[in-house]
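Here is what each chain is made of, one letter per residue.
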Amino acid sequence: MFFLKKREIIGIDIGASSIKLVQLKRQGENYRIVKMGLAPLPQNAVVDNIFTEHSIIVSTIKSLMSQTSVKIKRVASSISGNSVIIRKIFLPSISSNELEEEIKWEAEQYIPFDINDVNLDFQILGSDRQDPDKMEVLLVASKKEIINNYVAVFSETGLKLSIIDIDSFAVQNAFEINHDVTPEEIVALINIGAGMMNINVVRNGTTLFTRDVQMGGNLYTEEIQKLTGNSIEEAETMKKSGFASLPPALSASIEKNNDIIAQEIHRSLDFYNSTANEERVTSIFITGGSSKIYNLAETISEKMSLPVDTINPFAKVEYDKNEFSDEYIREIAPYMSVAVGLACRTGEDI
Ligand SMILES: Nc1ncnc2c1ncn2[C@@H]1O[C@H](COP(=O)(O)OP(=O)(O)OP(=O)(O)O)[C@@H](O)[C@H]1O
Ligand SMILES: [Mg+2]
């Protein structure tokens, strides 16, 4: 008799502004941090999952690996934005195996790219509530070209890409292992990064609606750069330096961009409300580096008339306090939801 060894894996999130690495160890129901690190990327090294600076991505991953001294070679990573299409579709009820055969034909009408240029994946969500002969399926199509670039980058660093996930689903994983919600609650999980915002409306572990919007912290930085004539790096530092220390024109520009982000969330959740035939969102959880922006959570809460909280990807994750201080964990938490969600896939048979 064989006991298959559950595979260990590291989560690596290649974001527009930095690369994050997390390795977790499963201990019963809980997780413990084994390794963790973050390495910044230069502006525009990654734009919408496209590596404009391939060699910089490779060298940044390498330095992150030596900095954290990880030994595991298998990687879970994720993509989002225009590289991936996620659709809920309704199909006649068939088995998962049958759908495996048919998905290509079924998917064709929903995918705006050549079907041969995408990798297809799906998840059967259950039977259609209105028509029991039909089932609801989450269709995920990702561009092969993008995935191939990810495979290439990791193989150049001596790693093997074993799982490719979607940013918003990784955030959902991190949320679910750390936050308790009742099965009836409908939460909108929103990851606000540098270039992208991932919105995912979830009930009881199932995605009801998801959308990526190409909008994030860069919006604020670029405007501060324009207003001050400073470099992007200086504008970035000013943005993070704290709202109170900024001249009125810059704090006004932050408030304006908060409105723009909140408006975009409003628009997406309105779209969900009007099309999904489901109940309304009951609360919002934000994460991503830009969730730290002064007054953003409050602005979203006001605009949506909903409570807004932040995801803590380490709420139930254990760690060695000598290695990671509580302050460091608090500081780094907003950046780490995707990587933690990816690292949770450790122990899966893959
Ligand atoms: N204290 C802060 N105040 C305001 N913005 C901040 C702060 N800390 C980080 N940010 C912003 O958070 C963003 C980085 O967040 P994150 O690491 O989640 O993005 P990313 O994963 O690199 O990008 P993306 O997900 O869009 O690909 C940057 O735009 C950065 O300026
Ligand atoms: Mg990100």
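Since this is a predicted model, take the numbers as computed values, not measurements. (Residues numbered from 1 in each chain as written. Chains lettered and ligands numbered in written order. Predicted model: local features only at pLDDT ≥ 70, side-chain atom pairs only at ≥ 80, totals over all residues.)

**Let's talk about the domain arrangement of the chain**
Interfaces are often described in size by the accessible area the parts lose on coming together.
Part 1 of the argument: The domains assigned to the chain are domain 1 (1–83 + 144–179 + 313–350) and domain 2 (181–310).
Part 2 of the argument: A straight line from the C-alpha centre of domain 1 to that of domain 2 covers 23 Å.
Part 3 of the argument: Taken residue by residue, the interface counts 19 residues in domain 1 and 22 residues in domain 2.
Part 4 of the argument: Ranked by the residues each element gives to the side of domain 1 that touches domain 2, the list is headed by helix 4 (residues 167–178), at six residues. (Domains from an automatic or database assignment. Contact = placed C-beta atoms within 7 Å. Helix = DSSP H or I, 4+ residues; strand = E, 2+ residues; numbered from the N terminus.)

**Observations regarding the site of ligand 1**
Part 1 of the argument: In the vicinity of ligand 1, 21 residues are found, and the nearest of them are Gly-15, Ser-17, Gly-193, Gly-217 and Gly-289.
Part 2 of the argument: Mapped by element, the contributors of at least two residues to the shell around ligand 1 are helix 5 (217–228) and helix 6 (232–240).
Part 3 of the argument: In this structure, the shell around ligand 1 is formed jointly by two domains, domain 1 (1–83 + 144–179 + 313–350) and domain 2 (181–310), each of which donates at least three residues. (Near = placed C-beta within 6 Å.)

**A closer look at the sheet that holds strand 6 (residues 74–79)**
Strand-to-strand pairing in sheets goes through backbone hydrogen bonds, with the strands running parallel or antiparallel.
Part 1 of the argument: Strand order in the open sheet formed by six strands is 10-6-1-2-3-16, with mixed pairing between adjacent strands. Taken across any chain shown, the strands that pair with only one partner, and hence form the sheet edges, are strand 10 (160–166) and strand 16 (317–318).
Part 2 of the argument: Pairing geometry for strand 1 (residues 10–14) and strand 2 (residues 18–27), over five bridges, is antiparallel. Considered in strand 2, the bridge of Asp-13 is made with Lys-20.
Part 3 of the argument: The strands that helix 3 (residues 144–156) touches are strand 6 and strand 10; relative to strand 10, the one it contacts most, it runs at about 140°.
Part 4 of the argument: The strands touched by helix 4 within the sheet are strand 3 (30–40), strand 6 and strand 10, with strand 10 carrying the most contacts at an inclination of about 85°. (Pairing = 2+ DSSP bridges. Axes fitted to C-alpha atoms, helices over the stretch in contact; angles between N-to-C directions.)

**Things to note about the sheet that holds strand 14 (residues 283–287)**
Part 1 of the argument: Across the sheet, five strands lie side by side as 13-12-11-14-15; this open sheet has mixed pairing. At either margin of the open sheet sits one strand with a lone partner, and together these are strand 13 (206–213) and strand 15 (308–310). The average undirected angle you get between the axes of adjacent strands in this sheet is 20°.
Part 2 of the argument: Direction of pairing for strand 11 (residues 186–192) relative to strand 14: parallel, over a ladder of five bridges. Bridge pairing in strand 14 links Ala-188 to Ile-284.
Part 3 of the argument: Most of the contacts of helix 8 (residues 296–304) go to strand 15, to which it runs at about 150°, and overall it touches strand 14 and strand 15.

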